[in-house]
Amino acid sequence: MAEGITSVDGTDPILGIVLPDEIEALVELGEWSRAERYVAWLERGGRALDRPWALAMAARSRGILLAAQGDLDGSIAMLQVALDEHRRSILGMAMVAND
């Protein structure tokens, strides 16, 4: 399923809701190049459509990938980006709920 979803750029990244789990499994299996492709797809879609969820999941996934590759400083930085994007998403939902 992940291959089909990521084969089309410009698709809303919410359609890739299963990708973070897929990426985590691929990292655990050592399939880093496939994991990287899926992370990049989430990043592109998240940036293009300004989707905090996709950006948070992409950053989290990249953090996991970097940790597996031994780049702990890079991993920590990406996990911080993930937290920031989650906060942005939560704040946006709170503002909509208060309108």
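Above this text you will find the structure in question.
Nothing here was measured: the structure is a model prediction, and the numbers come from that model. (Residues numbered from 1 in each chain as written. Predicted model: local features only at pLDDT ≥ 70, side-chain atom pairs only at ≥ 80, totals over all residues. Heavy atoms only, no water.)

Undergrad: How would you sum up the nonpolar core? Please name residues and give values.
TA: Core analysis: the largest hydrophobic core is formed by 15 residues, its most contacted members being Leu19, Ile23, Val27, Ala35, Tyr38, Trp41 and Leu42. Elements with a contribution of two residues or more to this core: α1 (2–6), α2 (19–29), α3 (32–49) and α4 (52–68). Here this core takes five residues from α3, the largest share from any one element. For alanine 35, the contacting residues outside a window of four places in its chain are Ile23, Leu26, Val27 and Leu65. (Core = buried A, V, L, I, M, F, W, Y, C linked by side-chain atoms within 4.5 Å. Buried < 20%, exposed > 50% of the residue type's maximum accessible area, 1.4 Å probe, protein only. Helix = DSSP H or I, 4+ residues; strand = E, 2+ residues; numbered from the N terminus. Contact = heavy atoms within 4.5 Å.)

Undergrad: So what about the environment of leucine 66? Which residues, and what values?
TA: Within the secondary structure, leucine 66 is located in helix α4. For leucine 66 and alanine 35, which are 31 residues apart along the polypeptide, the C-alpha to C-alpha distance reads 11 Å. The residues contacting leucine 66, other than those within four sequence positions of it, are Asp71, Gly74, Ser75 and Met78.

Undergrad: Any details on the side chain of serine 61? Residues and values, ideally.
TA: Tracing the sequence through the fold places serine 61 in helix α4. Take serine 61: its relative accessible area is 1%, and that puts it in the buried class. Apart from residues no more than four positions distant in its own chain, serine 61 is found in contact with Pro20, Ile23 and Val39.

Undergrad: Describe in detail α3, supporting the description with residues and values.
TA: For α3, built from 18 residues, the straight-helix expectation of 26 Å at 1.5 Å per residue is met to within 8% by its first-to-last C-alpha distance of 26 Å. Residues of α3 that are buried: Ala35, Tyr38, Val39, Ala40, Trp41, Leu42, Glu43, Gly45 and Gly46. Tucked into the core, α3 has its buried residues touching α1, α2 and α4. Directly after α3, the chain includes aspartate 50, whose backbone phi takes a positive value near 50 degrees. (Expected span 1.5 Å × (residues − 1).)

Undergrad: Tell me about the pattern of salt bridges, residues and numbers included.
TA: As enumerated under the stated definition, the model contains nine salt bridges in all. Of the charged contacts, one joins arginine 34 and glutamate 22 as a salt bridge, the two residues approaching to 3.5 Å between their closest N and O atoms. With arginine 34 in helix α3 and glutamate 22 in helix α2, this pair connects stretches of sequence that are 12 residues apart. Classification of glutamate 22 by relative accessible area gives partly exposed; the value is 29%. With a shortest N-O distance of 3.0 Å, glutamate 31 and arginine 34 are connected by a salt bridge. In this structure glutamate 31 comes out as partly exposed when scored by relative accessible area, which is 31%. Sharing partners across several salt bridges, the network here consists of Glu22, Glu31 and Arg34. (Salt bridge = Lys/Arg side-chain N within 4 Å of Asp/Glu carboxyl O.)

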